[in-house]
Structure formats: structure tokens, C-alpha cells
Protein chains: 4
Amino acid sequence: MALRNALQGITCPMVTPFDDGSVDESALVDVLAHLQDGGIDAVFPCGTTGEYPSLTADEHRHVVETTVDHAEVPVIAGAGATSVDETVTAIDRAADAGADAAAIVAPYFTTANAPEGNRRFFEAIIDEASLPVLLYNIPQCTGQRIEPETVAAIVAHDNVVGIKDSSGDLEYFLSVLEGTPDEFLCLQGYDALLVPALRMGADGGINALSNVIPEVLREAFDHADDERGRELQRDAIAPLFDACTTHDFAPATKTALAERGVIPSDAVRPPLVAVDDAGREAIGDALESALAVTEQ
Amino acid sequence: MALRNALQGITCPMVTPFDDGSVDESALVDVLAHLQDGGIDAVFPCGTTGEYPSLTADEHRHVVETTVDHAEVPVIAGAGATSVDETVTAIDRAADAGADAAAIVAPYFTTANAPEGNRRFFEAIIDEASLPVLLYNIPQCTGQRIEPETVAAIVAHDNVVGIKDSSGDLEYFLSVLEGTPDEFLCLQGYDALLVPALRMGADGGINALSNVIPEVLREAFDHADDERGRELQRDAIAPLFDACTTHDFAPATKTALAERGVIPSDAVRPPLVAVDDAGREAIGDALESALAVTEQ
Amino acid sequence: MALRNALQGITCPMVTPFDDGSVDESALVDVLAHLQDGGIDAVFPCGTTGEYPSLTADEHRHVVETTVDHAEVPVIAGAGATSVDETVTAIDRAADAGADAAAIVAPYFTTANAPEGNRRFFEAIIDEASLPVLLYNIPQCTGQRIEPETVAAIVAHDNVVGIKDSSGDLEYFLSVLEGTPDEFLCLQGYDALLVPALRMGADGGINALSNVIPEVLREAFDHADDERGRELQRDAIAPLFDACTTHDFAPATKTALAERGVIPSDAVRPPLVAVDDAGREAIGDALESALAVTEQ
Amino acid sequence: MALRNALQGITCPMVTPFDDGSVDESALVDVLAHLQDGGIDAVFPCGTTGEYPSLTADEHRHVVETTVDHAEVPVIAGAGATSVDETVTAIDRAADAGADAAAIVAPYFTTANAPEGNRRFFEAIIDEASLPVLLYNIPQCTGQRIEPETVAAIVAHDNVVGIKDSSGDLEYFLSVLEGTPDEFLCLQGYDALLVPALRMGADGGINALSNVIPEVLREAFDHADDERGRELQRDAIAPLFDACTTHDFAPATKTALAERGVIPSDAVRPPLVAVDDAGREAIGDALESALAVTEQ
């Protein structure tokens, strides 16, 4: 209930700060404090921005536990994997660590040879999941989207709470929104489409930029239907998003967080590469402009 | 040495047979016997055709061990993962299980934000690898190819033996072939390009169809430069490949193996879906035609 | 002035009806009457939906002339071509025929080898254009989009009135909208995004479905910010758009027009293929549902 | 007969030199002399490398006429267009100008909504064509390939002589080669695959680089099956092709021709952009290396 309420706001897919190659627990706690100060409604550790694919199972558990220990808001833990068994295991790990829900993605590496393949994959996981499940559509990373028909078929399962869509395709998002019951939460995960999606009925947002400027995303959510919402989207969110997508999003988000003084280092793990000096300056400038909008 | 010699022939990326949802060890041993009867030079369990992404760590170990126990030829074990640490761990597991080498892929899910990202990813793995390493280029599954420049940079490392290229892009293959030293083995992994690649200097092939018709692939290898080689490519390999690619390759290969009587079941794991009856018939027909060519 | 006002509404990219392989002038006039009855603000003959690439130069002139002769609203004529000279010639033809403006697309077949290539292409045309010009972004057909930077550079030219964006990419649309002056008209050309775009500040729409249900598009435009606008988008426009995109859009639009009784035949020219019986039924059903929404 | 014989060699898709924005007839004649000195078997004016989409109808006629007037080898004229009627007209124009055959492409801008759409498009053209027709597959420019099934269906028509495939996809090429009768000529149009294709049974090549180094392409053709053929492919053709594809091919080919002293200017028309100084140097170096290989 608290989870459902929280998702109808802004959820942060948190970065995983590193120090000398290891998870920087202290910086992680600082990020969480910054987010809660900014009014965030829920947090989502170990997603794409959290560099989940670069973490070991032990690190996964550690990051989720640390987050749960310091969070005053619901925690949805990333739990994607390429097999049914490994995904179920990752969900169990998140449950043990105290998470409120788990997010799962379409199978990556192996793409289905028939539409029913993904449906069976998801259903096999959901049937064994020890936590409520959030679908997470991110075809740029998985090589395939979760078809609206697949979502519609899965919705019937009790413990599916909704979907995060990071595809950047608003037609897809609206198609899922209209093809599922009201209680199925449709959350916009592509920051550049946050306000447009909210204006068309999205339930909330799960946005990487909420790591950096949680207060802006929150205000945009509250004022989505007003001119203020459009202004925040246009003058703060879109330009910072644009500056960040020039690079990969996880490194860019860390750079922006470091520029804002929240974390000490923007180090990432291979294959990701830290933003270079020119990028750092561009992101810093965009951050400054975005904050200027909120101070108006 | 034995490994290098063997790779200069035909290596089989073996299927992983399932029985009632579990690895069918007995069928796996039967596949191995069939391959060795067919003159295969090396085997590659736990690759894409082996449904590696659907196996747990324990199953990975078990499949490699079983293969090593029954193989009279070198064993290259698939060991791809999305993080440096998990890949190194998978290689260690393969080493413990007795494999002669391990194959690694470009990071999937997370694609690099700069060319040097993949280079660092591979170098970090290679520096810690407990086995000689084979690069495995399969952009259809990983979302990115291993750039020729990246291969050229990695070649300097002692324990990299070569590359399997399954991209289907002969220009890429030739570019890698010409940009690396002679001792770096360039192996064609896209069956429809086996004979063309061999005619241009490929060192060998690692081909899913060698599961089904190992003797045909061996003969095509021996006669690549003759008219017989072109005939086998045209009349046996290409049509069967075509019949199989209509479906996903792992299910189709299992179906063909079941049709040939080598394995009892063509069951696969989600998200893969077994070939339907019409597909089974088409694959059976193509198999029969392919075998007729060899019997001439 | 009349043109600018009209574009800030709904413009129809008209079909070109055929009869026995030739342009059916009488059906074309009927379509126009149907559109004007439905409250359309402007018409756009010889665009993508008008099968412009299948028309000869003489037919182009004839269709524009006929439209101008019977139109009580401004006429924007499609005038795309692959070379500067042929495009200028097509614009001259449209001017001779009495059109108020001409729409031009990015060069198809040849894609630019550098960003400035498209800019020079457009500027060379605009400098010689005998009519005000509307940019038309449709990367699905041209193989490349008109980059926001290119649009921003072109805006300075006096006789460019705006852009029709049919990409389906709302982030692109918003980027162009925010990167150009207020007087530059940004028109949404992808029907499934009409209301979302209007809610974010789009100046109008140029939508294939306005051939079929002009009154619905007009009402959606007037009520874009209300619940009624979302309802029309969700229950009328989106489902009919979806039924049509299963086929190519020009044939599907003609089928819907024939089902509504406006034109006698849904014949198209090769390479397009007329919708089959199953498609005709699905489109007919979606049309009926769409009309039911307006009658509420 | 002369045409068929000539195509079973190396055909040059000629550049169209410009001088001060107009076709440079004198330079065109010089290119032709250079090609015939280099042993070229046939010439193909007004193709992709000839910037056909940037020429007016009058220029098309003029270039073909000039070529025919000075050619001692068969002339195949490019005659692609987006409609059946315009294509038939372009073929007539080529016939009037004295060409021996015409090359046609899949409809660009409009892609077919069903496989039979392209078949009907091609058949409608072929039925009215006043010259023998060569199919020309270049999906990078047209947005769609000519499916092997479509080729197989069209082959039955008397006046289709063969296909030029510039896709870069050798599997596609072999599929067409095996699916058509022996008398249907399969010509490799992607320079980096010339020798591999010839080794697998290609009838000839139509290659942009034959503008620059006709003698090298000819020698590669004669020695395709020898080590010399592979050497020429590897050390001359592939590196120069690689240097050129970094830019668009038409500008790069003109730059290489200017570097070799054959034409006075490498000017192109928008949207193409001339190669910059760094590119000119790289192409010049690759040209020098390629020529050094032939002088061995």
C-alpha cells in the first residue's frame, strides 16, 4: 500500500558510488539522504543507472541492505538476470535484504523466438517471486521491448504492480497505459518524456535525473498539468538530460552528482568510462542552469 | 598446442539437452559421442547454442565437467557475463571443471560509452583469467560488436588465442583477419559464411550446424578450396542454416538433432520456445537433403 | 497570414484517389468536400499519404490545381525531390498551380556525409523557392531525420514557415519546438502523438487520419487540454491509427475512406498494395468505434 | 551478347564530374579514357557513385549520351526512380541516348507494405522497358532490399540480365546466386567483398573503386582464385575502400580520382559534401599504397 502510493510519485533509480573499485557505502548513504531531502517518494537501487550488471551477487545484497537500512521510503530492488532461476534467486536476495519489491527486465542476450517466449519467461519468474514485481522495459539494453500484448497477459498475475518504461517511445507507453487496468501502475522512465507522460495519465516517474535534482523532478510531478511543469521539463530536465545522454547515463549521472557535491567520485566500472573534462564542464553548466530554474 | 591445432578445424558449440527442465547428462554424452564419430576437432559447451544464459552457475560447472569427462578433444567453455568479476569467476569455474580454454563476449546489457570501455573490460578479464581466452563476437545478442581496433589492441595479451565471429559480416571478419598476427586464430562462427571465410584465409569454424551434421562441416573444411567445398556449402549447409534461422538457432539445432535421433527431446528454456510442427517438418526435410549431399 | 492561421489547426495530408490507374479527379473533389465539411483548416495534397513518389510531374500539377480550384482553405503542396533543381522545379509547379506553400523533405536515396550537407541542400532550395516552405521530417521514408541543429540554422530564412514532424519521436519534436522561435510553426504529423504534442505546445497537426475523421481531429485539437481531448486520442484516434499502421498508411487511409463512403475505390499504385479483406474489416471496425466516440 | 560478356568482368559505376556546378563533359570523357586504358569491361554512368539522384532529366540524358559517344565498351545507364512511370521514362531516355541496358532500384521513399508490392513494381517496369534491365540492390539508399524471392520471381522475364548487389551482405548474395539460373548474372557491387564473391561463383563486379584503380580491379578479377587475388583484395582494394567509406563514397571516389590526376575537381552536389583536407590526405595515402601493390 505504501509501495503503491510511493510509486505514484517520483522514484529514484539510484547510482552505486564506487571508491577504489569497491562499493562506497558511505557515499551511497549520502546519496540516499540527498534524495530524501529532495522529497523523493521511493528508491530503486541496482537498476541500469545503478550499474547492476557490473555488481556481483554479494554486492547486490550489500547495496540493497544498505539502502533498506537507511531508507524512510519504499525500496524497489533491481533483480534482472538472463535466466528464470537466476532472476528468482536475485529476487530472493532482494527480499532477504528487506526490499519492498523487485524490478525485472526482458531476457537480454537471448531474444525470444516467439512472442509467447517472453510471456512464459516472465510468468515463470512471477509465479516464484518472493516479492511484488515491477516490469522494466528498456529495449536499448535488452535488445527487445516487452510487447504491450505481453504486458496485458501478465497483468492478471496478482503480484505485478506495474511497469517502468524507459524506451523513450511515448506511443508504446500510452499503448500499455490504455491496455492495462487502472491499478496497474505505468511509470515513465525516460526523463525527457516525464511531463508529457504525466499529462497523458502516467502514474509516476522513475528517472535517473532524480539522483541529481530530486526536488526538480518532484516539483515537475506536482505541477505536471500547469505551465510550471512544462517550464521545468523544458528549461531544467530536458537540457540536463540532453547533456547527460551525450555520454552513457550512469557515468553522466555520477558526474552530475559529484558536481553537485553529493558524492566524492564519479568512478564507474568497465565497460563504462568516466565522463571526460569537457563533458564534466558541459554537465556542470547544465546542472547550474537546471538549479537556476528551481530557484525562480 | 593441442588446443591451437584443434581450433584449426571444426569446433562444435554444443547444445545443452534438457529433460523435464533439468540438464540431461545422458543426452549430452550422446551428443558428444555423435560429434566425435563425426570427426569434430574440439567442442564448445555453454555457448549461445548451449543456452548458456539460461543455466545456473552449478549447471554451468556440471555441463563443462561432463563434457570434459567424456571428450577426447579439447574443450572451450563459454564463460560470458556482464561484469569483469562474474566473468573471471565463470572462467575459474570452467578451469576447475577441466576446460582447456574459455570464450568471452562483449558486455551485454551495458554497452560501452567509449571505445576504450570494451578494451578495458576485456583486458581486466584477460589479466585475471585462469584459462586461455577466445573472444566471441556476436552483436545480435550483445548489442555491440568487438571493434577490429579493440581486437588489435587485445591481441598483444599472451593468453588470447583468437576470435569466433558470428556476426555474419564477412567484411568485419576479413578486417580482423588482416589486422591481427598469423598466430591469432580467426574462426568463422556464421555457418552460411564458412566456406567463403575459409577461402579467404579463416583458420577454422565454430558452427552450430556441426551439432547436427559434423561430418558435413568437416568435409567442407577439408575441401573448402575445391568445388566440393562450394557444393557442400550450397547444397547442404546453406539450406539447413536457412531452415534453422527461420526459428531461433538453439531450438532449431535441438530439433534437427532430435530428428536425426541423437537426442530424445528438443525442449528449451524460456524465453526460447520449441520449434512447432511445421518448423520441425521443414527442418527435417532440410536435414534429409543435407545428408543426401554427403552420401553422394 | 491566412496560411499561418490555418496551420495552427488541423491540416489534412490528402490521399490521391485512383480510378483504373489514373488520378480520379472527381473522387479527389469529393474528399475535399468531406474535409471541408469536417472543419479542416488547410489541405496538403501530394504528401506521403498522397502517394507523391508515385505521381508524374503532370499528375502532380493536376492534383494541386484541382485541389486549389475546389479548396476554401489554404493549400500546401508536397514538393519533395532528391536534387536541389528538381525540388525547386516542383515548387515552381506548385506555385503555378496556385498553392500557398510547399513542403520539402530531407534528401532521400543520398544521405548526407556531413551535417552541413543537409543544411546546404535545404538552403539552396529555400533561396530559390517561389513559395513559402514547410520542412517535413519523415525519417522512416527518407532514411535520415532533419537534425534539430539543421532546423535551427534554417529558421533564419524568411520564407520557412515551420515543420511537420512525422517521426513519432516526441523528444525530437520537443527539441525542435524549444530550439526555434515562437513564430516557427511546429506541427505534429504522427497521429498517435497529436494530443500529447498539443499539450506540450505544438501549434497544430497534419495528420493522415484527418482524411477519414476530420471532425474528430478538429475536436481533439480544440479540446487537447481537456479530458475530452485525451478521450478522443485514446478511444478514437489511437485505435484507428493502430489498425491502419498494421498496413502501410496510404492504402489503409484509402480503405478507411472507402469504408466511410467518401471514395469509390481504395486502389493504390505499386509498390503499395491494397489492404486485404481481413484488414478492411479491422479498419472498418476501428472506424466505426472512432465515430461512436464522437457521437457521444 | 557483348553486354553479357562485358558484365562478366569489371564494370565501372562512373562518377559524374562537376565544374562550377555543371556537368564537366570534358572531365567525364577523361574518366572514360582512363577506365578504358585500365581495361574496364563496361561502364555504368548515372548510378549511386554518379550522383544520379542529384541530376536533372536533361543532365541524365547528356551524361549517358556523352558516355555512349566515347565508350568502346557496353554502357549500362542508371535509371532509378520512385514511380513506375518515371522509371520507364528514364529507361526510354537512356535508350534514346544509346545505352545498352538500364539499372533499376527498389522504390525508395515508399517501402512496400507487402512482398508482392515490389514484385509488381519491378514487373510493371520490366514489361514496358525499352532496354534490357539490371536489378540493383542497395538497401543503404533505398531503405529495403530486393528479397531473394522477389528476384527469383522476376528472373522469368526475358529482358532481365542480372543483379548488382551492393548490400555488403554475402549471405544475401549467395542466396540470390543459388536461387537463380546460371544465365542470370550475379555481380558483386560491394568492393570489400569482390574477391570473396568471385571465389564463390560471382559472375563479375561493378565497383566504385574501378573508377580510381581499374587495372587493380581487373587483375583481381583475373586472379580471384589465386593468392594474387587475395593479395590485391587485402592490400589494395580493402584499405582504399576503408579509407573511402569513412566519407560518403561518391565524394571519396572523386577525391581519389583527383589525387590520381584524372579529374580536375572533386566537387559534389548537396547534400553531399566534399572530402576535407585530412580525408584527402588519408585517401591519397591509401591510393598510393594500392598502386604500389600493383607495381610489384
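Per an unreviewed UniProt entry, chain A carries the name 4-hydroxy-tetrahydrodipicolinate synthase and comes from Natrinema hispanicum. The UniProt entry for chain A carries this comment under Function (unreviewed entry): "Catalyzes the condensation of (S)-aspartate-beta-semialdehyde [(S)-ASA] and pyruvate to 4-hydroxy-tetrahydrodipicolinate (HTPA)." UniProt lists a comment for chain A under the heading Catalytic activity (unreviewed entry), and it reads "L-aspartate 4-semialdehyde + pyruvate = (2S,4S)-4-hydroxy-2,3,4,5-tetrahydrodipicolinate + H2O + H(+)".

*Asks:* Give me the lowdown on the UniProt feature "active site" (unreviewed entry) in chain A, citing residues and values where you can.
*Replies:* All names here are of chain A. In the UniProt entry, the feature "active site" (unreviewed entry) is given for Y136 and K164. Across 29 residues, the annotated set stays spatially compact, with a maximum C-alpha separation of 4.7 Å. Among the polar contacts listed, one links the side chain of Y136 to the side chain of T48, at a separation of 2.8 Å. Along the chain, the position of K164 falls in strand β8 (residues 160–165). In this structure K164 comes out as buried when scored by relative accessible area, which is 3%. When residues no more than four places from it in sequence are discounted, the contact partners of K164 are P13, F44, L134, L135, Y136, N137, L187, G189 and I206.

*Asks:* A description of the interface of chain D and chain B should follow, citing residues and the corresponding values.
*Replies:* Each side of the interface is counted separately: chain D has 17 residues, and chain B has 17 residues. Regarding the contact of chain D and chain B, the summed buried area is about 1,400 Å², with carbon and sulfur atoms giving 60% of it. When the area that chain D buries against chain B is broken down by residue, the three leading residues are D:E171, D:M200 and D:R230, summing to 38%. The interface formed by chain D and chain B includes two salt bridges. A salt bridge links B:E178 to D:R230, with the nearest nitrogen and oxygen atoms 3.5 Å apart. Taken together, chain D and chain B are joined by five residue pairs in polar contact (both at pLDDT 80 or more). Elements that contribute at least two residues to the side of chain D that touches chain B include exactly α8 (170–178), α9 (194–199) and α11 (227–245) of chain D.

*Asks:* How would you sum up the environment of D:V195? Please name residues and give values.
*Replies:* One can find D:V195 in helix α9. Classification of D:V195 as buried rests on a relative accessible area of 0%. The spatial distance from the C-alpha of D:V195 to the C-alpha of D:A77 is 25 Å, given a sequence separation of 118 residues. Once residues lying within four places of it in the same chain are set aside, the contact partners of D:V195 are B:M200, D:A220, D:A224, D:G229, D:R230 and D:Q233.

*Asks:* Could you give an account of the interface of chain A and chain B, naming the residues involved and the relevant values?
*Replies:* Size of an interface: often given as the accessible area lost when the parts come together. Counting residues at the interface gives 34 residues for chain A, matched by 34 residues for chain B. Summing both sides of the interface, chain A and chain B together bury roughly 2,900 Å²; the carbon and sulfur share of this comes to 63%. There are zero salt bridges connecting chain A and chain B. Counting across the chain A and chain B interface gives six residue pairs in polar contact (both at pLDDT 80 or more). Mapped by element, the contributors of at least two residues to the side of chain A that touches chain B are α4 (84–96), α5 (115–128) and α6 (139–142) of chain A. Sort the elements by how many residues they give to the side of chain A that touches chain B and α5(A) lands first, with five residues. For the side of chain A that touches chain B, the residue count by class is 18 nonpolar, 11 polar and five charged.

*Asks:* Just give me the short version of the relation of the copies chain D and chain B, but keep the residues and values in it.
*Replies:* Least-squares fitting of chain D to chain B yields an RMSD of 0.0 Å, with the superposition described by an axial translation of 0.0 Å and a rotation of 180°. What the rotation and shift describe, once combined, is the action of a two-fold rotation axis. The share of interface residues of chain D whose copies in chain B are also at the interface is 100%, consistent with both copies meeting through the same surface.

*Asks:* Break down the arrangement of the chains for me, with residues and values.
*Replies:* Separated throughout, chain B and chain C approach each other most closely at a C-alpha pair spaced 21 Å apart. Across all C-alpha pairs, the smallest distance from chain A to chain D is 21 Å, and the two are not in contact.

*Asks:* Explain the UniProt feature "binding site: pyruvate" (unreviewed entry) in chain A residue by residue, including any values.
*Replies:* Residues and elements named next belong to chain A. The sites that carry the UniProt feature "binding site: pyruvate" (unreviewed entry) are, in the present numbering, T49 and I206. For the residues just named, distributed over 158 residues, the greatest C-alpha separation is only 11.0 Å, placing them together at one site. For T49, the location among the structural elements is in the loop between β4 (42–43) and α3 (57–70). You can call T49 buried: its relative accessible area is 9%. Excluding residues within four positions of it along the chain, T49 makes contact with P13, M14, V15, T16, A208, N211, A250 and T253. Within the fold, I206 resides in strand β10 (residues 204–206). Residues in contact with I206, not counting those within four places in the same chain, are T11, P13, F44, L134, K164, L187, Q188 and G189.

*Asks:* How would you summarise the relation of the copies chain A and chain B if you had to cite specific residues and measurements?
*Replies:* When chain A is fitted onto chain B, the two copies agree to an RMSD of 0.0 Å after a turn of 180° and an axial shift of 0.0 Å. When the interface residues of chain A are mapped onto chain B, 100% of them are again interface residues, pointing to one common binding face.

*Asks:* An account of the packing of aromatic side chains is requested, with residue identities and associated values reported.
*Replies:* Any two aromatic rings considered together are summarised by their centre-to-centre distance and by the angle between their planes. Inspection of every chain in the model, using the stated rule, returns 22 aromatic pairs over all chains. Summarising the aromatic geometry, the rings of C:Y108 and D:F109 are spaced 5.0 Å apart at their centres and angled 65° between planes, so their arrangement reads as edge-to-face. Highlighted residues: C:Y108 in the loop between β6 (101–105) and α5 (115–128) and D:F109 in the loop between β6 (101–105) and α5 (115–128), drawn from two different chains. Assessed through its relative accessible area of 7%, D:F109 is described here as buried. Between C:Y190 and C:F241 the ring centres are 5.0 Å apart and the planes differ by 70°, which places this aromatic pair in the edge-to-face class. Of the two residues, C:Y190 sits in the loop between β9 (185–188) and α9 (194–199) while C:F241 sits in helix α11 (residues 227–245), which places them 51 residues apart along the sequence.

About the thresholds
- Residues numbered from 1 in each chain as written.
- Chains lettered and ligands numbered in written order.
- Predicted model: local features only at pLDDT ≥ 70, side-chain atom pairs only at ≥ 80, totals over all residues.
- Heavy atoms only, no water.
- UniProt positions renumbered as here; feature names shortened; annotations may be inferred.
- Polar contact = N/O pair within 3.5 Å; in protein donor to acceptor, adjacent residues only side chain to side chain.
- Helix = DSSP H or I, 4+ residues; strand = E, 2+ residues; numbered from the N terminus.
- Buried < 20%, exposed > 50% of the residue type's maximum accessible area, 1.4 Å probe, protein only.
- Contact = heavy atoms within 4.5 Å.
- Buried area = accessible area lost by both parts, 1.4 Å probe.
- Salt bridge = Lys/Arg side-chain N within 4 Å of Asp/Glu carboxyl O.
- Nonpolar A, V, L, I, M, F, W, Y, C, P; charged D, E, K, R; others polar.
- Least-squares fit on C-alpha atoms with pLDDT ≥ 70 in both.
- Phe/Tyr/Trp six-rings, centres within 6.5 Å; stacked < 30°, edge-to-face > 60°.

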